[in-house]
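# What the coordinates show
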Amino acid sequence: MDDQSPELDSSQEPESAEPQDARERGPYQPHEPGYGLDQPRYNPYEDEIPDPQTRMLAIKNAKAYLLKTSTKSGLNLYDHFANILTKILDEQPTNTVDIIENISKDVKWAQFRKKMDTLRDEPLIPPTFEAAENCKALFIQEGGEEEHEGVEEEMGQPALPNVMEAAFYFEQAGIGLNKDESYYIFLALKNLIRVQPIQTCRFWGKILGLEMNYIIAEVQLREGEEEEETGEEGEGTTAEGEKETGEAGEEDEEKAAEPPKSTYKPPPPIPKEPNGTGTNKYVYFVCNGPGKPWVKLPPVTPAQIVCARKIKKFFTGWLDAPVVSFPPFPGNEANYLRAQIARISAGTHVSPTGFYQFADEEEEEEERGADTYEENPEFEPPPVAKMVESLATWAHHVKGILKQGRCVWINPAQKSEENEEDDEEEEEEEGEEQQEERGPPLLTLISEDEGMKDIPAWTTHASTNLIPEYSVAILQSNRWPGAYAFASGGKFENIYFGWGHKYSPESYTPELPPPAEAEFPSGPEIAETVDPTVEEEMAFKIAQEEALAEAEEEEDEEGEDD
Amino acid sequence: MEALSLPAALEPVAGGGAGLSPERRAALGTSLPLLQRDYRFERVWFWGCIQGVRGAYYIAEGLGPDRAAPRSRLYSLNCVDWSLLTPATKEMLALAEQVKGRFQGDPSFEYSLAEINKTRKALPLKLAYFSSKPVMKEEARLIATIEQIDRDVGIVPRGAFVKTPLGSVHENRHFEGLSLVEAKKLSSYFHFTDPVNLKNKTLLEKADLDPSTDFLDSLEHDIPRGSWSIQLEKGGTVVVLRSLLWLGLTFYHVPMTKQFGYVYFGTGEKNLDLPFML
């Protein structure tokens, strides 16, 4: 509290500016204005700090208050304000007054960053850098020179597809990955070709998954490279044979004690098509991303395709993940992926009509349908406008999959030994139980594809209406959303980007569980009856004994007679 | 996604295979700023593209000063001429749920609901009025679908928008992006619509929330669980969220930067088979 009488600062200055009066100013006289104002509590400026000393004291008090450390956080307001002002003056943001609270919060957050420790943390290696390493590996050319020449000598056609060219055409339609990713895939395919014995290769597409995606390459291996599969099949049959002999041995020993064996024999599994034909015409390699290793997918069996038609599941991105579904899928995600790839290829791989033609050799049976085709050297591409207008200018070049799950029908009842060469001749011999299935022959026009309800199976459009002379004809499938094809001049290409599922206008309904099995037909031999009571049993026993006694007496009588 | 950053923003989204052709991109680059000028929007977002059987609709949204206010939506068939769409009404939403199948690509196409009404035994009373008019125009279905998609799966990262005490929502100029760890969690992303679950949180949870940034529903409690697929592409430089409920909606965010956005490239149909597919 000040005891001194308050005075105004500014009132002093004018006085000093005025010419010096000879007369000293004494106390105010009652008749002068200003009388009595030097008494305490009469001056209007009483609350102002009067003179420098007390003001300094007040300032020190205020500063001490500001410097009071908070018991909770160890900060004090003084330092905090100093930091805020420093930050503001350094950064000079616009409209500072509007964001002042945020700035204050940021300064407080910054306090809690780790200061210099004597122990240094290991710098966290974010996965970013690992992926960059992987991608960098793609760019390194290893032993490039010699292999390069070797490749050119052996084959006339380069095995590596021009991914960037196809990407350019698809980009005109708004389809495709961004250029960087396409280029990484290009390099990854080049690596694949270098490692595996590949004859032709194509970028098939990309299937999205929940945790990771799949990049798929469609490949034809060179002759003689696919003998691994037969080994596995042989082992499977021998294992079954051993089981059968084991069971027969048991039966001889304990016939009476065993419960009745069921006479149910599961239908024999339909054999998968041999590599190089039908659904297994191409071999597929997948990887989770460019830079990651390529994995070969196993060939597909008809049972897997049949089951894949009944289920609809997302891919997770892990090839060994189980597919939990009903009906239970025979295989894991790698098999499911392969089955979907087979279905998509069969449904949506098209080419301009006339690009491929049947091989010139005569076919023995027309019903079989050609399985091979070759490029037509005299193909003249129709103009783009025509390709957009009419669907008859496009044709499938992959055989459709029958209900059985194969491209070529096989009669399962006939299959006694595993000769796959006899299949073609046995079409109509005996198996009356199952109708032979015929699919549309190879190279059917896509105008024959039926749509669903009122949606046509395919949608065509030109990539641009503004510049028709350079536009590209684009085909989109409505049955498999994500399948695209383009044609321009003599070039064409198919690709798939999507989740890997077929479009159905109705919602997916899972297969119902099979009906409950029939019980053993009820008849008198298994009809339940009430057990006889003790009295009934005794009565029965007595009756039996009496009957026996009577019979004996009769015999005795007869014996006596004789 | 922001119209101004369209070319850069389309790159991370292209992982799904769908994108825009150079012609459309160029057209958008010229027509979206003009939209902003004509309609006096503060921000213009390119919402995406709905593929119809015979054509595609390109959709843009315009935002005013309050980013959470109902947005104006415009559609175009060629990315050059845009038409304003009316706001969605509850009847439209209810009717659109009954219509199934692809969009046709022609805005004046009419879906006849008479067949659908026959199979449904009891119509709620408030729709009785519409049973006399058993058609739905494709434009109305488009409006309803866009509204549904925005409501269900339109997402933004946490902290990107702040709510002022007056109730209006602005971009947070202090948003520096999510960190890599946060970006992998579903709780760091919010639905950019009126919150539904927020008031159901317990008091204890609410105490931890910051009312300026946590005023929206997070993705954690979406039903069904697992209806979002989070992936780190390019080794963690971009985090991409794809919705499995509306296949085709892709959200991208580059962690530790301010870039984020979502776009829809798809057929405009809800994936009702989702529970079977997970």
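See the structure shown above.
Let me begin by describing the structure that accompanies this report. (Residues numbered from 1 in each chain as written. Chains lettered and ligands numbered in written order. Predicted model: local features only at pLDDT ≥ 70, side-chain atom pairs only at ≥ 80, totals over all residues. Heavy atoms only, no water.)

### With respect to the overall build of chain A
Regarding its fold elements, chain A presents 13 helices and 12 strands. Counting all 562 residues of chain A, 34% fall into the buried class. Long-range contacts, defined here as pairs at least 24 residues apart, represent 63% of the contacts in chain A between residues at least 6 apart. Surface exposure of chain A reaches about 37900 Å², of which carbon and sulfur atoms provide 52%. (Helix = DSSP H or I, 4+ residues; strand = E, 2+ residues; numbered from the N terminus. Buried < 20%, exposed > 50% of the residue type's maximum accessible area, 1.4 Å probe, protein only. Contact = heavy atoms within 4.5 Å. Areas by Shrake-Rupley, 256 points an atom, 1.4 Å probe, with all protein chains shown as cover.)

### A short note on the sheet that holds strand β1 (residues 198–207) of chain A
Residue and element names in this part refer to chain A. Taken together, the eight strands give an open sheet; going across it, the order is β4-β3-β2-β1-β12-β11-β10-β9, and neighbouring strands pair in mixed fashion. Looking along the sheet, the strands with just one partner apiece sit at the ends: β4 (295–296) and β9 (458–462). When strand β10 (residues 473–477) meets strand β11 (residues 483–488), the two strands line up antiparallel, connected through four bridges. The residue bridging Q476 from the neighbouring strand is Y484, located in β11. (Pairing = 2+ DSSP bridges.)

### Notes on the packing of aromatic side chains
Residue and element names in this part refer to chain B. The tally for this structure, following the rule as stated, stands at 25 aromatic pairs over all chains. A centroid spacing of 5.4 Å and a plane angle of 5° characterise the contact between Y39 and F41, whose relative ring orientation is stacked. On the basis of relative accessibility, which here comes to 34%, the residue Y39 falls in the partly exposed class. Overall, F41 belongs to the buried group, its relative accessible area being 11%. Site record: aromatic cluster; members linked through ring pairs are W45, F161, F175, F192, F260 and Y262. (Phe/Tyr/Trp six-rings, centres within 6.5 Å; stacked < 30°, edge-to-face > 60°.)

### Some points on the environment of A:I474
All names here are of chain A. Within the element layout of this structure, I474 appears in strand β10. Each C-alpha atom of the pair I474 and V388 lies 7.3 Å from the other, and the pair is 86 residues apart in sequence. Not counting the four nearest positions on each side in its chain, I474 is found in contact with A173, I175, T459, T460, H461, S463, A485 and F486.

### Describing helix α1 (residues 6–13) of chain B
All names here are of chain B. When α1 is considered as a whole, its buried residues turn out to be L6, A9, L10, P12 and V13. Taken around the axis of α1, the buried residues stretch over an arc of 160°, which confines them to a single face. Away from its buried face, by an angle of more than 90 degrees, α1 presents the exposed residues P7 and A8. Of the surrounding elements, those touching the buried residues of α1 are α2 (22–39), β1 (43–51), β11 (228–233), β12 (238–243), β13 (249–253) and β14 (260–266). (Arc of directions from axis to C-beta.)

### As for the sheet that holds strand β3 (residues 72–76) of chain B
Residues and elements named next belong to chain B. Strands sit in the order β4-β3-β2-β1-β14-β13-β12-β11 across an open sheet of eight strands; the sheet is mixed. Whereas interior strands pair on both sides, the edge strands pair on one side only; in this sheet they are β4 (83–85) and β11. Here the strands of the sheet are splayed against their neighbours by 25° on average, with no regard to which way each runs. When β1 meets strand β2 (residues 56–63), the two strands line up antiparallel, connected through eight bridges. Its bridge partner lying in β2, V44 is registered against G62. Its contacts with the sheet place helix α6 (residues 138–153) against β1, β2, β3, β4, β11, β12, β13 and β14, and it is angled at close to 60° to β2. (Axes fitted to C-alpha atoms, helices over the stretch in contact; angles between N-to-C directions.)

### Quick notes on the nonpolar core
Core analysis: the largest hydrophobic core is formed by 55 residues, its most contacted members being B:W47, B:L142, B:F161, B:Y189 and B:L241. The dominant element in this core, judged by the number of residues it contributes, is α6(B), at seven residues. Apart from residues lying up to four places away in sequence, B:L142 is in contact with B:I50, B:Y57, B:I59, B:Y75, B:L85 and B:F103. In terms of nonpolar packing, the next biggest core, distinct from the first, is built from 50 residues, A:I216, A:I341, A:M387 and A:A485 among them. (Core = buried A, V, L, I, M, F, W, Y, C linked by side-chain atoms within 4.5 Å.)

### Let's talk about the interface of chain A and chain B
Taken together, the contact pairs 46 residues of chain A with 41 residues of chain B. Each partner contributes to the roughly 3500 Å² buried at the junction of chain A and chain B, and carbon and sulfur atoms together form 51% of this total. Counting every contact that joins chain A to chain B gives one salt bridge. In this structure, the salt-bridge partner of A:K312 is B:D273, at a minimum N-O distance of 2.8 Å. Linking chain A with chain B are 15 residue pairs in polar contact (both at pLDDT 80 or more). Elements with a contribution of two residues or more to the side of chain A that touches chain B: α4 (100–111), α5 (127–139) and α7 (163–172) of chain A. The element best represented in the side of chain A that touches chain B is α4(A), accounting for four residues. Of the residues that constitute the side of chain A that touches chain B, the class distribution is 20 nonpolar, 17 polar and nine charged. (Buried area = accessible area lost by both parts, 1.4 Å probe. Salt bridge = Lys/Arg side-chain N within 4 Å of Asp/Glu carboxyl O. Polar contact = N/O pair within 3.5 Å; in protein donor to acceptor, adjacent residues only side chain to side chain. Nonpolar A, V, L, I, M, F, W, Y, C, P; charged D, E, K, R; others polar.)

### Topic: the pairing of β13(B)
All names here are of chain B. Most of β13 sits inside the fold, with five of its five residues counted as buried. In β13, alternate side chains face the same way, and those of L249, F251 and H253 on one face and T250 and Y252 on the other are all buried. Note that β12 and β13 share four bridges and pair antiparallel. Residue pairing for β13: V240 is matched across the bridge by Y252. Connecting the antiparallel pair β12 and β13 is a turn made up of five residues, with G248 showing a positive phi of about 125°. Where β13 meets β14, five bridges bridge the pair, whose relative direction is antiparallel. Its bridge partner being in β14, T250 is matched across the sheet by V263. Here β13 folds back onto β14, and the loop between the two strands holds six residues, one of which, M256, carries a positive phi near 65°.

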